[in-house]
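# Geometric and topological summary
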Amino acid sequence: MQGAVENPDQVIPKDDHILLTARDVTVRFGSVIALNGFTVDIPRGVIGLLGPNGAGKSTFIKASLGLIPRNGGTISVGGLDPQTQSLRIRDDIGYMPEHDCLIPNVSAVELVSYLGQISGMGPRDAMQRSHEVLDFVGIGEERYRLVKSYSTGMKQKVKIAQAIVHDPSLLFLDEPTSGMDPNGREEMLDLVRRIGATGKTVIVSSHILQEVERVCEHAIIISDGRLVRDGKMGVLMAGEEGLFNITIRGVPKALEGFVRALGGVCDIVEKTDEGTNQVALSARGCGDGRRVFALSKEHGVQVRGYVPDKMSLEDVFLQAFQGGGSRGY
Amino acid sequence: MGINPIEYRAWKGVRSAQKSRLYVIAKSVFRHKIRSFGVIALLALGFLLVHAFQIIFSVIAPHESLDAQTMYDYMGSGGTFAIFAILLGAVVTSDLISDDVANRSFVLYFSRAIKVRDYLAGKSSAALLIMSLLCAIPPVMVAIASMATQTGDDYSGSAGVLGRTAVAGAIATIFFVPYGLMMSSLTKRKSYAAVGTFMSFFVMIIVAELFAEFDPAWRIISPADSLAYSFSWIFGLEMPSYVDGWALAGFMTAFIAIPAAVVYLRVKRQVVG
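Given the structure is predicted, the values throughout are model-derived calculations rather than measurements. (Residues numbered from 1 in each chain as written. Chains lettered and ligands numbered in written order. Predicted model: local features only at pLDDT ≥ 70, side-chain atom pairs only at ≥ 80, totals over all residues.)

### Looking at the packing of helix α9 (residues 177–185) of chain B against helix α10 (residues 190–212) of chain B
All names here are of chain B.
- Between α9 and α10, whose axes approach to 8 Å, the crossing angle comes to 135 degrees. For the element pair α9 / α10, the angle class is oblique. The hand of the α9/α10 crossing is right-handed. Listed contacts from α10 to Tyr 179, Gly 180, Met 183 and Ser 184 of α9 are Ala 193, Gly 196 and Thr 197.
- The class makeup of the residues in the contact of α9 with α10 is three nonpolar, four polar and no charged. (Axes fitted to C-alpha atoms, helices over the stretch in contact; angles between N-to-C directions. Helix = DSSP H or I, 4+ residues; strand = E, 2+ residues; numbered from the N terminus. Parallel < 35°, antiparallel > 145°, perpendicular 65-115°, else oblique. Left-handed = near helix turned anticlockwise from the far one by under 90°. Contact = placed C-beta atoms within 7 Å. Nonpolar A, V, L, I, M, F, W, Y, C, P; charged D, E, K, R; others polar.)

Encoded structure:
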């Protein structure tokens, strides 16, 4: 299971495809069941952990860090058990909490350097590295100001800086864009994308679907402490197999003839008039589209779009909750 | 983000200071405390009112050797030493946990490879170091000054008293810290923690006085008195007949151990969230 480790500080092996597995994980807080038989395999890459508030996302992250005990099931992070080997795991993990957690009466550079030292870095290394990561997240000269004078966006950046100061292999970001304005959100998503591009595994917990859709390669949908759906974004967001969205432009009479002829070839599911000269169709059974293009030539209309049906992550999310069940529509 | 954003760079170094995490926390707390006006003021005032006179007295007053009774009178009787120790304990420990409760910053520590006991050890060792600046180091300085100026030859006897002074100083250093940490873990406001610590000691002293009217053995529940009784035992002096040695040991152990357990459980609970 465990692969070769290049850096002595790196305890999470680089070459396993599946980085984190959870099997039937149950976590209870008194009578509240936060995770209820949660099972998932999390691959490497930028992963979205999605779910409504109270779904169990933060609980799963904390259980993976070994911060809270499990009542049942197993979790493995790079082959290590958070319950018994939490310190080794935490040495190679960065965590950006959702809530405000920064120490207000110190400057950002002092704080990040201090936390680097608590991660085991020497004082000089920690100071040098804290400047590096603050440069990376875009905190300039403000780094010398006390954290309590920062805006929410700057605090979020300092939180991400403290999570990466020790260069962990796995990064948990809990609601990274929480409380940020649109520009700040863009910058934060860009940071996530750039960290992910370095080969690190980044698990982004969020309930903002558009953000996850933009930066993640894989999504896990969780509700009431259970896995609802998971998979690669491309697979999750793929629409019904064989269903294509076709956009046609032409004079109204030619369009009418084309649609009638196409009805004889494919099964038209939906037709929407987009003005007088354009029609949008959803059709299945059109094969590779050659017949569609042949018909368009025959009727003198233009095919402006011929794309497989694709859902938004919001559709996937809603469908998963309406359809219910693991992996089920 | 600029036109050419600074890219993420992996860190090529090796983490060589994993074993120094406690030291990092302790150093940070110590540096913060030693710059605090309240701590500096208490240390200066305490040194002047409790220790300075005794050092001068030890040097100028002729004495044959370092005497246990003299050291007990200086550290144990009168209560000034204990009052300053209580005040400093309350001020030093007040924000150690309460600030992290208020800022919810425990997660910054515990998402790293650090245990609750390491975190507490780091925080308390800094507090103990500050406490020792008033409770342990000056009495040892007084004892050394007294030994250096003694007229007699009994240096081994004096060295014994010096050792006992160091033990008494260590106990005074440790005695109030766990209780202060416990109060700090129970609130988000350091002012509440400081006042709460001092007032609860004050209440214990009042209650001990009230019950002592019926049975003087109740005096052991006063932290200042129990500290004084423990000093008389350490210096090999006779304890008052109403003080039961086991009861005193039990109270002092409980006074340290129960708050330490409470603060551990409180922090553990905060980590879980």
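### Overview of helix α4 (residues 80–103) of chain B
Residues and elements named next belong to chain B.
- Relative to the 34 Å expected for 24 residues at 1.5 Å per residue, α4 spans 35 Å between its end C-alpha atoms, a close match to the ideal helical length.
- At Ser 94, α4 is deflected by roughly 25 degrees, the largest bend along its length.
- Burial of α4 is extensive: 20 of the 24 residues sit out of reach of the surface.
- Among the residues trailing α4, Arg 104 stands out with phi positive, at a value near 55 degrees. (Expected span 1.5 Å × (residues − 1). Bend = angle between axes of the 7 residues up to and from the residue. Buried ≥ 20, exposed ≤ 12 C-beta atoms within 10 Å, placed from the backbone.)

### Points about the domain arrangement of chain A
- As assigned here, chain A comprises domain 1 (18–236) and domain 2 (243–308).
- Summarising the inter-unit geometry, the C-alpha centres of domain 1 of chain A and domain 2 of chain A are found 46 Å apart. (Domains from an automatic or database assignment.)

### Section: the sheet that holds strand β4 (residues 72–77) of chain A
Residue and element names in this part refer to chain A.
- Taken in spatial order, the three strands make up an open sheet running β2-β1-β4, and their pairing is antiparallel. Each end of this open sheet is capped by a strand with a single partner; those strands are β2 (32–43) and β4. Strand-to-strand twist across the sheet, computed as the mean angle between neighbouring axes with direction ignored, equals 20 degrees. (Pairing = 2+ DSSP bridges.)

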